[in-house]
Amino acid sequence: MTELIYELHYQGVFDNGSSDIRLIAKFFESTFNFDLGNLYQTYLELRTRKMSKTKFLDALRDGLIKKMDDRDENFRFSSVLLIIKISLLRKCIINY
């Protein structure tokens, strides 16, 4: 959650970027009823990660893209099935 809070802060999402990050953190803590602990210490730990400094945000992004791709694929498959059904229906009507 710390990754998300810092990213939202850096992108200027709250109050055009002039909000204090501590206020943003307090908002998230009260809204979602959890304790972030030492926000700055966690941020320092994120910065020293070896593999991915934004593991949580990367997972969110990848998950959203996968859902979008799955829906696109399902839509394409449904469209193909609809075309086949319409073609079969036309043949039945013409042969009737």
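Worth saying up front: this structure is predicted, and the values here are computed from it rather than measured.

K.L.:
Mind showing me how you'd approach the packing of aromatic side chains here?
P.N.:
What describes a pair of aromatic rings is the distance from one ring centre to the other and the angle between the planes of the rings. Applying the stated rule across the entire model yields eight aromatic pairs. Relative to Y43, the ring of Y6 lies with its centre 4.0 Å away and its plane at 15°, an arrangement referred to as stacked. Here the residue Y6 occupies a position in helix α1 (residues 2-10), and Y43 occupies one in helix α3 (residues 39-47), the gap between them amounting to 37 residues. With centroids separated by 6.4 Å and ring planes inclined at 85°, the aromatic side chains of F14 and F28 adopt a geometry described as edge-to-face. Pair noted here: F14 is in the loop between α1 and α2 (21-32) and F28 is in helix α2, with a separation of 14 residues, a long-range link. Aromatic ring contacts, followed pair by pair, group Y6, Y10, Y40 and Y43 into a single cluster.

K.L.:
Even after reading the chapter, I still don't get the environment of D62, so can you show me in this structure?
P.N.:
By secondary structure assignment, the location of D62 is in helix α4 (residues 55-95). Polar side-chain contacts of D62 include one of 3.2 Å to the side chain of R61.

K.L.:
Mind showing me how you'd approach the environment of T42 here?
P.N.:
Position of T42 among the secondary structure elements: in helix α3. The class for T42 is partly exposed, based on a relative accessible area of 24%. Excluding residues within four positions of it along the chain, T42 makes contact with T2 and L36.

The rules we used
- Residues numbered from 1 in each chain as written.
- Predicted model: local features only at pLDDT ≥ 70, side-chain atom pairs only at ≥ 80, totals over all residues.
- Heavy atoms only, no water.
- Phe/Tyr/Trp six-rings, centres within 6.5 Å; stacked < 30°, edge-to-face > 60°.
- Helix = DSSP H or I, 4+ residues; strand = E, 2+ residues; numbered from the N terminus.
- Polar contact = N/O pair within 3.5 Å; in protein donor to acceptor, adjacent residues only side chain to side chain.
- Buried < 20%, exposed > 50% of the residue type's maximum accessible area, 1.4 Å probe, protein only.
- Contact = heavy atoms within 4.5 Å.

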